[in-house]
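# Structural overview
These are the residues of each chain, in order.
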Amino acid sequence: MGAKVRGVIHPPARLAWAIWGLGSLVYLIAFFQRVAPAVMTDQLMAEFAIGGAALGNLSAFYFYAYVAMQIPTGLLADRWGPRRLLALGTAVAAVGGALFALAPSLAWAGAGRLLVGASIGVGFVSMLKLSSHWIAPRQFALVSGLLLLTGLVGGVGAGVPLRLLVDAYGWRDVMAAFAALTAALAVALWLFLRDDPEERGYASHFHGKHDAPHEHAPILHSLAEVLSYRNIWLLALVPVGFSGAVLTFAGLWGVPWLRQVHGLEPKAAAAITSVMLVAWGIGGPLLGALSTRSGRRKPLYFTSGIVAAAGWAAVIWAPLSLPALVVLLAITGLASGNIIIGFAWAKESVPLRLMGTASGVANMGPLMGGMFLQPAVGWMLDRHWSGTLANGARIYDAAAYQAGFALLFVTVAVALVGLLFARESHCRQAA
């Protein structure tokens, strides 16, 4: 039986979570694609004869397109519904993944990454929209965190498991097989996903107005209205630091740093960066739920941000043993899960009818961090490169990585300052 509230029956938990779980696989794929280059840095540098800046740019092609798609995705989620966006986006991502796997040159590989980022970029915002219909509002911060956790499962899969597969079969065959799985998911989404419980005969959890397409305000008017809220700007920019640092370290440069500076084997290095991703995934729902329970967003967001800043400072500049480094990366990743607080906070900062658009704007920040920082760190590494090569790939020393990773700390510190100016929502939806 579904949950009965004031004479209406909401969908059974099993059905609601099954719908949510199927849709969340899109974000798992998105995160896999996001961090997959981290365990293929040597192969990609040798295959395409590129340095750190070019590799960072190749990886960041995903982010360029992903960020550009967030506002259109938010607007379209409010008009088309998540089912169409998720199914179509996943189908196009399969094409982009295949293009990357078969790329004969760097330009084609970049085009593949760009296509994947643009299409799979619909995942997070569409899932927030889907959640607002299928999941009770009091659980919104929790499901946002669980969505991040689901994505991090994909991120962990792009660590040691992907490295083992790449060693066994080569990066091209593995990425081509993953593109085929992505295509299969697109079919499943179209067949089984539904935008609202009413399509299955149950009451919706969405308490806003169900507008017909012709009743929507013009797209630019909706966007302008969302951008008139100061909190939306701030809550989009703050995650540039917290999320960008994690995506840059665990998503690209952490593995080669652990190998070249700490002398670890590729699988061990991938395992350590996966620890950070797992902690990040745990931190999302944990911190999101704690902020909801406290009835305030800002204090926990800011406090956890201080922990993240201190963690990065120690990782970059403190002489740490390997066990201490692993623990510190886990703590820093956990604290960086605070970005989930920002998604719930952004939703509460605007009227519910603008939730999709507001979520799209807010979701630009976490990916903008990776977009800017991955190539920026690579550029710093190239500036400090001593000229050493191994099997066609560049080798950077500890001083070069320290100079590059200093950018991570700076962006986190700036994010903390920006957070001071955000207005508390007290976990209440704006009228």
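Because the structure is a prediction, the values reported are computed rather than measured.

## A short note on the overall build of the protein
Scanning the protein from N- to C-terminus turns up 19 helices and four strands. Its C-alpha radius of gyration of 21 Å places the protein within 12% of the 22 Å reference for a compact globule of 431 residues. Oriented by its inertia axes, the alpha-carbon framework of the protein measures out at about 70 × 45 × 40 Å. Within the protein, buried positions represent 57% of all 431 residues. The long-range fraction of contacts in the protein, counting pairs at least 24 apart against all pairs at least 6 apart in sequence, stands at 84%. Accessible surface for the protein amounts to roughly 16,300 Å². Of this, 68% is attributable to carbon and sulfur atoms. Taking the average place of the 28 positive charges on the side chains of the protein and the average place of its 17 negative ones, the gap between the two points comes to 7 Å.

## A short note on helix 8 (residues 160-169)
Within helix 8, the full set of buried residues consists of Leu162, Arg163 and Val166. Angular distribution of buried residues about the axis of helix 8 spans 100 degrees; they occupy a single face of the element. Of the exposed residues in helix 8, the ones pointing more than 90 degrees away from its buried face are Ala168 and Tyr169. Remark: Gly170 follows helix 8 within two positions and exhibits a positive phi of approximately 90 degrees.

## A closer look at the confidence of the model for the protein
On average, residues of the protein score 87 in pLDDT, and 94% of them reach the 70 mark or higher. Ranking the elements of the protein by mean pLDDT puts strand 1 (residues 4-5) last with 46 and helix 14 (residues 298-317) first with 97. Counting interchain partners and residues more than four positions distant, the pLDDT-below-50 stretch residues 209-215 has seven contacts.

## Overview of the packing of helix 12 (residues 239-260) against helix 19 (residues 398-419)
At a minimum axis separation of 10 Å, helix 12 and helix 19 run at an interaxial angle of 165 degrees. Taken together, helix 12 and helix 19 sit at an angle that is classed as roughly antiparallel. Considering how the two elements wind past one another, helix 12 and helix 19 form a crossing that is left-handed. Residues Gly241, Phe242, Ala245, Thr248, Phe249, Trp253, Pro256, Trp257 and Gln260 of helix 12 pack against Tyr401, Phe405, Leu408, Thr411, Val412, Ala415 and Leu416 of helix 19.

## As for the pattern of salt bridges
Counted under the stated rule, the structure contains five salt bridges. Residue Arg172 is joined to Glu47 by a salt bridge in which the shortest nitrogen-to-oxygen separation is 2.9 Å. Taken together, the positions of Arg172 in helix 9 (residues 171-192) and Glu47 in helix 2 (residues 41-48) put the pair 125 residues apart, joining distant regions of the chain. As a salt-bridge pair, Arg394 and Asp382 come within 3.0 Å of each other at their nearest N and O atoms. Pair noted here: Arg394 is in strand 4 (residues 393-394) and Asp382 is in helix 18 (residues 364-383), with a separation of twelve residues, a long-range link. Given a relative accessible area of 22%, Arg394 falls into the partly exposed group. Residue classification places Asp382 among the partly exposed residues on the basis of a relative accessible area of 21%.

## Concerning a nonpolar patch on the surface
Residues Val278, Ile282, Leu286, Leu290 and Leu334 make up a contiguous nonpolar surface patch of about 370 Å² in total accessible area. For the nonpolar patch, the leading source of residues is helix 13 (residues 266-294), giving four residues. One can find Val278 in helix 13.

## Some details on the packing of aromatic side chains
On inspection of all chains with the given rule, the structure shows 18 aromatic pairs. Ring centres of Phe48 and Trp171 lie 6.2 Å apart, and the angle between their planes is 65 degrees; this geometry places the pair in the edge-to-face category. Taken as a pair, Phe48 in helix 2 and Trp171 in helix 9 lie far apart in primary sequence, 123 residues in all. Each member of the pair, Phe48 as well as Trp171, is classed as buried. Measuring from centroid to centroid gives 5.4 Å for Tyr62 and Phe63, while their planes differ by 75 degrees, and the two rings are edge-to-face. Here the two residues Tyr62 and Phe63 agree in accessibility, since each one is buried. Site record: aromatic cluster; members linked through ring pairs are Phe249, Trp257, Trp312, Tyr396, Tyr401 and Phe405. Geometry around Trp190 places Arg83 over its ring, the cationic atom sitting 3.9 Å from the centre.

How each quantity is defined
Residues numbered from 1 in each chain as written. Predicted model: local features only at pLDDT ≥ 70, side-chain atom pairs only at ≥ 80, totals over all residues. Heavy atoms only, no water. Helix = DSSP H or I, 4+ residues; strand = E, 2+ residues; numbered from the N terminus. Rg over C-alpha atoms; globule rule 2.2 N^0.38 Å. Buried < 20%, exposed > 50% of the residue type's maximum accessible area, 1.4 Å probe, protein only. Contact = heavy atoms within 4.5 Å. Areas by Shrake-Rupley, 256 points an atom, 1.4 Å probe, with all protein chains shown as cover. Lys, Arg positive; Asp, Glu negative; His and termini not counted. Charge placed at Lys NZ, Arg CZ, Asp CG, Glu CD. Arc of directions from axis to C-beta. pLDDT = per-residue confidence, 0-100. Axes fitted to C-alpha atoms, helices over the stretch in contact; angles between N-to-C directions. Parallel < 35°, antiparallel > 145°, perpendicular 65-115°, else oblique. Left-handed = near helix turned anticlockwise from the far one by under 90°. Salt bridge = Lys/Arg side-chain N within 4 Å of Asp/Glu carboxyl O. Patch = residues over 30% accessible without salt bridge, like charges linked within 9 Å, V, L, I, M, F, W, Y side chains within 5 Å. Phe/Tyr/Trp six-rings, centres within 6.5 Å; stacked < 30°, edge-to-face > 60°. Lys NZ or Arg CZ within 6 Å of the ring centre and 35° of its normal.

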